[in-house]
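# Working through the structure, step by step
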Amino acid sequence: MADWDGITEFVAVVETQSFTAASEKLSTSVANISRRINALEKKLAVKLFVRTTRKVSVTEAGATYYQHCKPLVEGLMLAELAVTQLQATPTGRIKMTAPVTFGEQILAPLMHEFLLQYPHIELDLFLSNQRLDLVQEGYDLAIRLGKLEDSTMMARKLLDRHVFACASREYLEHHGEPHTLSELKQHQCLRGSNSYWRFEQDGAERLIHVEGRIQCNSGYALVDAALKGLGIVQLPDYYVQPYLATGELVEVLTSYRGNQEGIWALYPQNRMLTSKVRTLIDYLSTALK
């Protein structure tokens, strides 16, 4: 019968490329790591590592063995985690990232309420419009907006959002209102990070190239420009909805408004959700609606 002796230590050495680093990772001694690896090699009758005074290299046999052992070790960890967290109170640090404006305006206030409800949770929130590598940089969770492109992540939709094209009444009185997508080239379009706006026509998505005097990566700045009559803007609802409600901004091209886009919670696949992250996702799913 197969047993686990030395397998956890073997995987740790492969991943850290060091007996010393593996001992620190597993909170044991280098001598214990070496003893278990030697016993494993003797049992298998193969050399798993080539050791020199400067480095540890995995052999071809070791690399093959690692590919089979890694999911076993991960599965054992997940099994232990599942059991220990059945009755666990959400505790510990959550490292998450979100887009800047959505994070400042909507997410951060909700996270503060969440922390009040769960005093044993700590938060490391990094706001960035860059697509960060969640696994490489150790993030537990990311909030993403719109169409998802990263198929290596697990995703849960939290909410839908609308994107509106709109302008001030003053601008429309002076320049007229566009009624077709082709008419946008006759207007000042207040552009964000890219020069294409997304619409829907006859059930299909249309990306329309737009031009204008102003381009800025701040949604707040573009809203201000639109309110002052400098052009037409296309932005998500949380930027423009208050001004649409008061009539300060007027939606245009309503028949071309695209379908709702998702607001998503992303986390690495093959990683069981911890109690703290699962609780946070459930909370946001309810709080955002």
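Above this text sits the structure in question.
The present account deals with the structure reproduced in this document. Only a predicted model underlies this, so the values are computations on that prediction, with no experimental measurement involved. (Residues numbered from 1 in each chain as written. Predicted model: local features only at pLDDT ≥ 70, side-chain atom pairs only at ≥ 80, totals over all residues. Heavy atoms only, no water.)

To continue, consider the overall build of the protein chain. What the protein chain contains, in helices and strands, is nine helices and 13 strands. Against the globule reference of 19 Å for 289 residues, the protein chain gives a C-alpha radius of gyration of 27 Å, more extended than a compact globule. The C-alpha extent of the protein chain, read off along each of the three principal axes, is 85 × 40 × 35 Å. Looking at the protein chain as a whole, 40% of its 289 residues qualify as buried. Within the protein chain, contacts between residues separated by at least 24 positions form 69% of all contacts whose residues are at least 6 apart in sequence. Looking at the protein chain as shown, the accessible area adds up to about 16,500 Å², and 50% of this sits on carbon and sulfur atoms. Of the charged side chains in the protein chain, 30 are positive and 33 negative; the average position of the first set lies 7 Å away from that of the second. (Helix = DSSP H or I, 4+ residues; strand = E, 2+ residues; numbered from the N terminus. Rg over C-alpha atoms; globule rule 2.2 N^0.38 Å. Buried < 20%, exposed > 50% of the residue type's maximum accessible area, 1.4 Å probe, protein only. Contact = heavy atoms within 4.5 Å. Areas by Shrake-Rupley, 256 points an atom, 1.4 Å probe, with all protein chains shown as cover. Lys, Arg positive; Asp, Glu negative; His and termini not counted. Charge placed at Lys NZ, Arg CZ, Asp CG, Glu CD.)

Counted residue by residue, strand β5 (residues 141-145) has five buried out of five residues, so it is predominantly covered. Burial of the side chains of β5 extends over both faces: L141, I143 and L145 are buried on one face and A142 and R144 on the other. Two strands pair when backbone bridges link them, and strand β3 (residues 92-98) and β5 are joined in this way by two bridges, in the parallel orientation. Its bridge partner lying in β5, M96 is registered against L141. Alignment of β5 against strand β13 (residues 261-268), held across four bridges, turns out to be antiparallel. Each bridged residue has a counterpart across the sheet, and for A142 the counterpart in β13 is L266. (Pairing = 2+ DSSP bridges.)

The subject of this paragraph is helix α8 (residues 237-246). Three- or four-residue spacings in an α-helix give side chains the same orientation, since the helix completes a turn every 3.6 residues. Buried within α8 we find D237, Y238, Y239, V240 and L244. G247 sits one or two positions beyond α8 and adopts a positive phi of about 90°.

Time to look at the packing of helix α5 (residues 100-117) against helix α9 (residues 275-287). Direction vectors running N to C along α5 and α9 enclose 125°, while the axes themselves pass 11 Å from each other. One finds that α5 runs oblique with respect to α9. Between α5 and α9 lies a crossing whose hand is right-handed. Contact with α5, carried on its side by L107, L110, M111, E113, F114 and Q117, involves K276, T279, L280, Y283, L284 and A287 of α9 and no other residues of that element. Residue classes in the contact of α5 with α9 are distributed as eight nonpolar, two polar and two charged. (Axes fitted to C-alpha atoms, helices over the stretch in contact; angles between N-to-C directions. Parallel < 35°, antiparallel > 145°, perpendicular 65-115°, else oblique. Left-handed = near helix turned anticlockwise from the far one by under 90°. Nonpolar A, V, L, I, M, F, W, Y, C, P; charged D, E, K, R; others polar.)

This paragraph deals with unusual backbone geometry. Its identity is not glycine, yet Q17 carries a phi of approximately 60°, on the positive side. Looking at the secondary structure, you find Q17 in the loop between α1 (7-16) and α2 (19-25). Notably, D202 is not glycine yet its phi reads approximately 55°, a positive angle. By the element assignment, D202 lies in the loop between β9 (196-201) and β10 (204-209). Taking relative accessible area as the criterion, D202 reaches 77% and is therefore assigned exposed.

The subject of this paragraph is the sheet that holds strand β8 (residues 189-190). The strand order β8-β11-β7-β12 describes an open sheet built from four strands, whose pairing is mixed. Among the strands making up the open sheet, the edge pair consists of β8 and β12 (249-251). Sheet strands in contact with α8 are β7 (163-168), β11 (232-236) and β12, and its direction is about 120° off that of β11.

Moving on: a nonpolar patch on the surface. The grouping of W4, L72 and L76 at the surface amounts to a nonpolar patch, some 280 Å² of accessible area in total. Within the fold, W4 resides in the segment before α1. Judged by relative accessible area, W4 falls into the partly exposed class, the value being 41%. (Patch = residues over 30% accessible without salt bridge, like charges linked within 9 Å, V, L, I, M, F, W, Y side chains within 5 Å. Salt bridge = Lys/Arg side-chain N within 4 Å of Asp/Glu carboxyl O.)

Bringing the nonpolar core into the picture now. Core analysis: the largest hydrophobic core is formed by 36 residues, its most contacted members being I143, V240, L280 and L284. Excluding residues that lie within four positions of it along the chain, L284 makes contacts with L107, L110, M111, I143 and L158. Judged by nonpolar contacts, the second largest core, of 18 residues, contains A12, V13, L40 and Y66. (Core = buried A, V, L, I, M, F, W, Y, C linked by side-chain atoms within 4.5 Å.)

Bringing the state of the cysteines into the picture now. Linking two cysteines covalently via their sulfur atoms produces the bond known as a disulfide. All chains considered together, the criterion is met by zero disulfides. Among the cysteines around C216, which has no disulfide bond, C189 carries the closest sulfur, lying 15 Å off. (Disulfide = S-S within 2.5 Å.)

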